[in-house]
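Structure assessment
Below, each chain spelled out in residue letters.
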Amino acid sequence: MNDKPLDQNCNNCYFFLQTSSRADQKIGYCRANPPTPYYEASEEGCIPTPKIGRFPVVLNNMWCGMWDFADGKRVK
(Lines give C-alpha, C1' and ligand atoms only; values in the text may rest on other atoms or scores of the structure.)
Protein backbone atom coordinates (compact mmCIF):
# COMPACT_ATOMS: atom_id res chain seq x y z
CA MET A 1 0.00 0.00 0.00
CA ASN A 2 1.60 3.24 -1.16
CA ASP A 3 -0.36 6.39 -0.26
CA LYS A 4 2.54 8.73 -1.06
CA PRO A 5 1.68 11.29 -3.77
CA LEU A 6 3.85 10.90 -6.86
CA ASP A 7 5.25 14.42 -6.48
CA GLN A 8 6.25 13.97 -2.82
CA ASN A 9 10.05 13.74 -2.91
CA CYS A 10 13.15 15.58 -1.72
CA ASN A 11 13.31 17.62 -4.91
CA ASN A 12 10.22 19.64 -3.98
CA CYS A 13 10.61 19.48 -0.20
CA TYR A 14 11.10 22.63 1.85
CA PHE A 15 13.98 21.00 3.74
CA PHE A 16 16.06 19.96 0.69
CA LEU A 17 19.13 22.08 0.00
CA GLN A 18 20.72 21.16 -3.33
CA THR A 19 24.51 21.27 -3.33
CA SER A 20 25.45 19.52 -6.59
CA SER A 21 24.18 17.27 -9.37
CA ARG A 22 25.27 14.33 -11.48
CA ALA A 23 23.57 13.48 -14.77
CA ASP A 24 19.86 13.80 -13.99
CA GLN A 25 20.23 13.46 -10.17
CA LYS A 26 20.28 16.39 -7.76
CA ILE A 27 22.31 15.87 -4.60
CA GLY A 28 21.83 17.85 -1.42
CA TYR A 29 21.26 17.98 2.30
CA CYS A 30 18.10 17.15 4.20
CA ARG A 31 17.69 19.92 6.74
CA ALA A 32 14.51 18.65 8.39
CA ASN A 33 16.42 18.03 11.64
CA PRO A 34 19.52 19.55 13.25
CA PRO A 35 22.91 18.25 12.15
CA THR A 36 23.95 15.08 13.92
CA PRO A 37 27.47 14.55 15.24
CA TYR A 38 29.59 11.76 13.91
CA TYR A 39 32.79 10.15 15.07
CA GLU A 40 35.88 8.81 13.31
CA ALA A 41 38.38 6.35 14.70
CA SER A 42 41.67 7.88 15.78
CA GLU A 43 44.91 6.88 14.10
CA GLU A 44 45.37 4.28 16.81
CA GLY A 45 41.91 2.98 15.85
CA CYS A 46 40.45 2.63 19.32
CA ILE A 47 39.44 6.13 20.44
CA PRO A 48 36.47 7.69 18.61
CA THR A 49 37.18 11.32 17.75
CA PRO A 50 34.14 13.63 17.53
CA LYS A 51 33.78 15.60 14.31
CA ILE A 52 31.52 18.49 13.40
CA GLY A 53 27.86 17.60 12.97
CA ARG A 54 26.36 17.28 9.51
CA PHE A 55 23.06 16.95 7.71
CA PRO A 56 22.19 13.71 5.88
CA VAL A 57 23.06 13.71 2.18
CA VAL A 58 20.10 12.72 0.00
CA LEU A 59 19.13 12.41 -3.66
CA ASN A 60 16.26 14.44 -5.09
CA ASN A 61 14.07 11.38 -5.76
CA MET A 62 14.11 10.18 -2.14
CA TRP A 63 11.35 10.97 0.37
CA CYS A 64 10.52 10.54 4.06
CA GLY A 65 7.81 11.26 6.60
CA MET A 66 9.16 14.76 7.29
CA TRP A 67 8.35 15.93 3.74
CA ASP A 68 6.89 19.45 3.55
CA PHE A 69 6.02 21.08 0.22
CA ALA A 70 8.48 23.80 -0.80
CA ASP A 71 6.18 26.74 -1.46
CA GLY A 72 8.93 29.18 -2.44
CA LYS A 73 8.76 31.03 0.89
CA ARG A 74 11.97 29.64 2.38
CA VAL A 75 13.07 31.48 5.51
CA LYS A 76 16.72 32.51 5.32
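Glancing now at the nonpolar core. Within the largest apolar cluster, 8 residues are counted, these being C10, C13, Y14, F15, F16, C30, A32 and V58. Non-local contacts of V58, meaning those with residues more than four positions away in its chain, are made with C10, F16, K26, I27, G28, Y29 and C30.

Scanning the entire structure with this criterion turns up 0 disulfides. In this structure C13 is a free cysteine whose sulfur lies 6.3 Å from that of C10, the closest cysteine sulfur available. With relative accessibility at 9%, the residue C13 sits in the buried group.

Moving on: the side chain of N9. Tracing the backbone through its elements, the reader meets N9 in the segment before β1 (16–22). When residues no more than four places from it in sequence are discounted, the contact partners of N9 are N60, N61, M62, W63 and W67.

Let's shift gears to the sheet that holds strand β2 (residues 25–30). In space, the 3 strands of this open sheet follow the order β1-β2-β5, with antiparallel pairing throughout. Of all the strands in the sheet, just β1 and β5 (57–59) have a single pairing partner and so form its edges. Put simply, the sheet's adjacent strands are angled 35° from each other on average, direction ignored. As defined by bridge partners, β2 adjoins β5 across 3 bridges and the pair is classed as antiparallel. Across the sheet, the residue bridging to I27 is L59, located in β5.

Turning our eyes to something else, we now look at the packing of aromatic side chains. Under the counting rule described, the total for this entry stands at 3 aromatic pairs. The interplanar angle of 55° and the centroid separation of 6.5 Å between the aromatic rings of Y29 and F55 together place this pair among those described as tilted. With Y29 in strand β2 and F55 in the loop between β4 (48–54) and β5, this pair connects stretches of sequence that are 26 residues apart. Classification of Y29 by relative accessible area gives partly exposed; the value is 33%. Seen in terms of ring centroids, W67 and F69 are 6.3 Å apart; in terms of plane orientation they differ by 55°. Their pairing is tilted. Relative accessible area serves as the criterion here: at 23%, W67 is assigned to the partly exposed category. Residue classification places F69 among the partly exposed positions, given a relative accessible area of 46%.

Parameters and conventions
Residues numbered from 1 in each chain as written. Predicted model: local features only at pLDDT ≥ 70, side-chain atom pairs only at ≥ 80, totals over all residues. Heavy atoms only, no water. Core = buried A, V, L, I, M, F, W, Y, C linked by side-chain atoms within 4.5 Å. Buried < 20%, exposed > 50% of the residue type's maximum accessible area, 1.4 Å probe, protein only. Contact = heavy atoms within 4.5 Å. Disulfide = S-S within 2.5 Å. Helix = DSSP H or I, 4+ residues; strand = E, 2+ residues; numbered from the N terminus. Pairing = 2+ DSSP bridges. Axes fitted to C-alpha atoms, helices over the stretch in contact; angles between N-to-C directions. Phe/Tyr/Trp six-rings, centres within 6.5 Å; stacked < 30°, edge-to-face > 60°.

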